[in-house]
Amino acid sequence: MAKTKSIRDALRSTFYPHVISLGFDVDNRWQPQFVVFRRFVADKVDIFDIQWDKYHRPKFVINFSEAPLEGVEFGGKFIAARDLMVAHCGTFHRLVRDQSKFTYRWFQLRRPLKEQALKFRRNYEPDEIASQVIHRFSEIEDWWEDKTIGKHVQIF
(Lines give C-alpha, C1' and ligand atoms only; values in the text may rest on other atoms or scores of the structure.)
Protein backbone atom coordinates (compact mmCIF):
# COMPACT_ATOMS: atom_id res chain seq x y z
CA MET A 1 0.00 0.00 0.00
CA ALA A 2 3.01 2.30 0.22
CA LYS A 3 2.87 2.98 -3.53
CA THR A 4 -0.74 4.18 -3.30
CA LYS A 5 -0.43 6.13 -0.04
CA SER A 6 -0.06 9.57 -1.63
CA ILE A 7 -3.16 9.15 -3.83
CA ARG A 8 -5.19 7.59 -1.00
CA ASP A 9 -4.26 10.49 1.29
CA ALA A 10 -5.23 13.06 -1.38
CA LEU A 11 -8.60 11.37 -1.89
CA ARG A 12 -9.22 11.18 1.86
CA SER A 13 -8.46 14.87 2.33
CA THR A 14 -10.48 16.29 -0.60
CA PHE A 15 -12.70 13.74 -2.37
CA TYR A 16 -14.10 11.98 0.72
CA PRO A 17 -15.34 15.24 2.32
CA HIS A 18 -16.89 16.20 -1.03
CA VAL A 19 -18.98 13.02 -1.32
CA ILE A 20 -19.80 12.98 2.40
CA SER A 21 -21.25 16.47 1.92
CA LEU A 22 -23.46 14.94 -0.80
CA GLY A 23 -24.90 12.47 1.71
CA PHE A 24 -22.67 9.41 1.26
CA ASP A 25 -21.40 7.14 4.02
CA VAL A 26 -17.95 5.52 3.73
CA ASP A 27 -17.62 1.77 4.26
CA ASN A 28 -13.99 0.64 4.65
CA ARG A 29 -14.67 -3.04 5.30
CA TRP A 30 -13.23 -4.18 1.96
CA GLN A 31 -9.94 -2.33 2.09
CA PRO A 32 -7.35 -2.28 0.65
CA GLN A 33 -8.86 -3.11 -2.75
CA PHE A 34 -12.28 -1.42 -2.43
CA VAL A 35 -13.72 1.53 -0.55
CA VAL A 36 -17.52 1.57 -0.81
CA PHE A 37 -19.78 4.63 -0.54
CA ARG A 38 -23.57 4.49 -0.13
CA ARG A 39 -26.29 7.12 -0.08
CA PHE A 40 -29.86 6.25 0.85
CA VAL A 41 -32.37 8.35 -1.07
CA ALA A 42 -36.17 8.21 -1.26
CA ASP A 43 -36.58 5.00 -3.25
CA LYS A 44 -33.08 3.60 -3.83
CA VAL A 45 -29.48 3.31 -2.72
CA ASP A 46 -26.85 5.14 -4.76
CA ILE A 47 -23.64 3.16 -4.47
CA PHE A 48 -20.12 3.57 -5.79
CA ASP A 49 -16.71 2.22 -4.95
CA ILE A 50 -13.11 3.10 -5.48
CA GLN A 51 -11.47 -0.01 -6.91
CA TRP A 52 -7.71 -0.03 -6.46
CA ASP A 53 -5.37 -1.95 -8.74
CA LYS A 54 -5.04 -5.54 -7.55
CA TYR A 55 -1.25 -5.43 -7.94
CA HIS A 56 -1.06 -2.39 -5.61
CA ARG A 57 0.03 -0.03 -8.36
CA PRO A 58 -1.00 3.60 -7.73
CA LYS A 59 -4.14 3.61 -9.85
CA PHE A 60 -7.88 3.21 -9.37
CA VAL A 61 -11.25 3.39 -11.07
CA ILE A 62 -14.70 4.28 -9.76
CA ASN A 63 -17.57 1.80 -10.28
CA PHE A 64 -21.15 2.86 -9.60
CA SER A 65 -24.73 1.62 -9.69
CA GLU A 66 -27.97 1.80 -7.76
CA ALA A 67 -30.12 -0.73 -5.94
CA PRO A 68 -33.54 -0.93 -4.23
CA LEU A 69 -33.74 0.07 -0.57
CA GLU A 70 -34.88 -3.45 0.28
CA GLY A 71 -31.54 -4.94 -0.80
CA VAL A 72 -30.93 -7.58 -3.46
CA GLU A 73 -30.64 -11.32 -3.98
CA PHE A 74 -27.09 -12.21 -5.00
CA GLY A 75 -25.64 -15.69 -5.41
CA GLY A 76 -28.57 -17.27 -3.60
CA LYS A 77 -28.20 -14.95 -0.59
CA PHE A 78 -30.04 -11.83 0.44
CA ILE A 79 -27.79 -8.76 0.72
CA ALA A 80 -29.19 -5.89 2.82
CA ALA A 81 -28.84 -2.38 1.43
CA ARG A 82 -26.34 -1.38 4.14
CA ASP A 83 -24.02 -4.23 3.00
CA LEU A 84 -24.29 -3.79 -0.77
CA MET A 85 -21.29 -3.46 -3.01
CA VAL A 86 -21.46 -2.38 -6.65
CA ALA A 87 -20.80 -5.98 -7.72
CA HIS A 88 -24.08 -7.06 -6.08
CA CYS A 89 -26.12 -4.72 -8.28
CA GLY A 90 -25.84 -6.62 -11.57
CA THR A 91 -25.07 -4.04 -14.22
CA PHE A 92 -22.78 -1.24 -13.24
CA HIS A 93 -20.98 1.67 -14.80
CA ARG A 94 -17.47 2.96 -14.46
CA LEU A 95 -16.09 6.49 -14.21
CA VAL A 96 -12.74 6.62 -16.00
CA ARG A 97 -10.08 9.24 -16.56
CA ASP A 98 -10.32 9.07 -20.34
CA GLN A 99 -12.26 7.10 -22.97
CA SER A 100 -9.44 7.14 -25.51
CA LYS A 101 -8.03 3.83 -26.73
CA PHE A 102 -4.53 5.28 -26.64
CA THR A 103 -4.36 6.51 -23.05
CA TYR A 104 -4.78 4.91 -19.69
CA ARG A 105 -8.40 4.77 -18.56
CA TRP A 106 -7.80 4.36 -14.85
CA PHE A 107 -6.98 7.35 -12.65
CA GLN A 108 -3.28 7.16 -11.85
CA LEU A 109 -0.13 9.14 -11.19
CA ARG A 110 1.34 8.68 -14.64
CA ARG A 111 0.21 11.18 -17.25
CA PRO A 112 -0.71 10.01 -20.77
CA LEU A 113 2.33 10.13 -23.09
CA LYS A 114 1.05 13.06 -25.12
CA GLU A 115 0.52 15.08 -21.98
CA GLN A 116 3.96 14.11 -20.67
CA ALA A 117 5.50 15.53 -23.83
CA LEU A 118 3.47 18.75 -23.65
CA LYS A 119 3.91 19.39 -19.91
CA PHE A 120 7.45 18.00 -19.52
CA ARG A 121 6.24 16.14 -16.43
CA ARG A 122 5.83 12.39 -16.18
CA ASN A 123 3.41 12.27 -13.24
CA TYR A 124 0.48 14.15 -11.81
CA GLU A 125 0.55 15.39 -8.25
CA PRO A 126 -1.87 13.37 -6.08
CA ASP A 127 -4.00 16.48 -5.46
CA GLU A 128 -4.43 16.91 -9.23
CA ILE A 129 -5.88 13.40 -9.44
CA ALA A 130 -8.28 14.10 -6.56
CA SER A 131 -9.42 17.27 -8.37
CA GLN A 132 -10.01 15.28 -11.58
CA VAL A 133 -12.19 12.82 -9.67
CA ILE A 134 -14.21 15.59 -7.99
CA HIS A 135 -14.72 17.31 -11.35
CA ARG A 136 -15.85 14.12 -13.12
CA PHE A 137 -18.04 12.93 -10.23
CA SER A 138 -20.83 15.17 -11.53
CA GLU A 139 -21.20 12.69 -14.42
CA ILE A 140 -22.10 10.00 -11.89
CA GLU A 141 -24.61 12.33 -10.24
CA ASP A 142 -26.15 13.01 -13.68
CA TRP A 143 -26.53 9.27 -14.27
CA TRP A 144 -28.27 8.78 -10.92
CA GLU A 145 -30.53 11.75 -11.65
CA ASP A 146 -31.68 10.98 -15.22
CA LYS A 147 -29.45 8.16 -16.58
CA THR A 148 -27.33 10.53 -18.70
CA ILE A 149 -24.15 8.84 -19.92
CA GLY A 150 -21.30 11.33 -19.58
CA LYS A 151 -18.04 11.61 -21.48
CA HIS A 152 -16.10 9.67 -18.83
CA VAL A 153 -18.66 6.93 -18.12
CA GLN A 154 -18.36 3.37 -19.42
CA ILE A 155 -21.25 0.89 -19.27
CA PHE A 156 -20.60 -2.68 -18.09
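Look above for the structure.
What counts and how
- Residues numbered from 1 in each chain as written.
- Predicted model: local features only at pLDDT ≥ 70, side-chain atom pairs only at ≥ 80, totals over all residues.
- Heavy atoms only, no water.
- Helix = DSSP H or I, 4+ residues; strand = E, 2+ residues; numbered from the N terminus.
- Buried < 20%, exposed > 50% of the residue type's maximum accessible area, 1.4 Å probe, protein only.
- Polar contact = N/O pair within 3.5 Å; in protein donor to acceptor, adjacent residues only side chain to side chain.
- Core = buried A, V, L, I, M, F, W, Y, C linked by side-chain atoms within 4.5 Å.
- Contact = heavy atoms within 4.5 Å.
- Phe/Tyr/Trp six-rings, centres within 6.5 Å; stacked < 30°, edge-to-face > 60°.
- Lys NZ or Arg CZ within 6 Å of the ring centre and 35° of its normal.

A.B. asks: Looking at this structure, I do not really get the side chain of Arg97. What am I missing?
C.D. replies: Within the element layout of this structure, Arg97 appears in the loop between β7 (93-95) and β8 (107-108). Judged by its relative accessible area of 4%, Arg97 falls in the buried class. Within the structure, Arg97 has its side chain in polar contact with the backbone oxygen of Arg110 (distance 3.0 Å).

A.B. asks: Is there a simple way to think about the environment of Phe156 in this case?
C.D. replies: Looking at the element boundaries, Phe156 is found in the segment after β9 (153-155). A C-alpha to C-alpha distance of 6.1 Å links Phe156 and Thr91, two positions 65 residues apart in sequence.

A.B. asks: Help me understand the nonpolar core in this model?
C.D. replies: In summary, soluble globular proteins display a tendency toward joint burial of nonpolar side chains. Leu11, Phe15, Phe48, Ile50, Phe60 and Ile62 are the most contacted members of the largest nonpolar core, which totals 27 residues. For this core, the secondary structure elements donating two or more residues are α1 (5-21), β2 (34-40), β3 (44-52), β4 (59-68) and α3 (126-146). Broken down by element, this core gets its largest block of residues, seven residues, from α3. Ignoring anything within four residues of it in the chain, the contact list for Phe60 reads Ile7, Leu11, Ile50, Gln51, Trp52, Trp106, Phe107, Ile129 and Val133. Counting residues in hydrophobic clusters, the runner-up holds 11 residues, among them Val36, Ile79, Ala81 and Val86.

A.B. asks: Would you explain the packing of aromatic side chains in this entry?
C.D. replies: Given two aromatic rings, their pairing is described by the distance between the two centres and the angle made by the two planes. Taken as a whole and judged by the stated rule, the model has 15 aromatic pairs. On the numbers, 5.0 Å between centres and 50° between planes, the contact of Trp52 with Phe60 is tilted. Across the pair, Phe60 and Trp52 agree in class, each one buried. Residues Phe64 and Trp144 carry aromatic rings whose centres are separated by 6.0 Å and whose planes lie at 75° to one another, so their mutual orientation is edge-to-face. Placement of the pair is Phe64 in strand β4 and Trp144 in helix α3, with a sequence separation of 80 residues. For Phe64, a relative accessible area of 0% corresponds to the buried category. Site record: aromatic cluster; members linked through ring pairs are Phe15, Tyr16, Phe24, Phe37, Phe48, Phe64, Phe137, Trp143 and Trp144. Here Arg8 stacks its cationic end above the ring of Trp52, 4.2 Å away from the centre of that ring.

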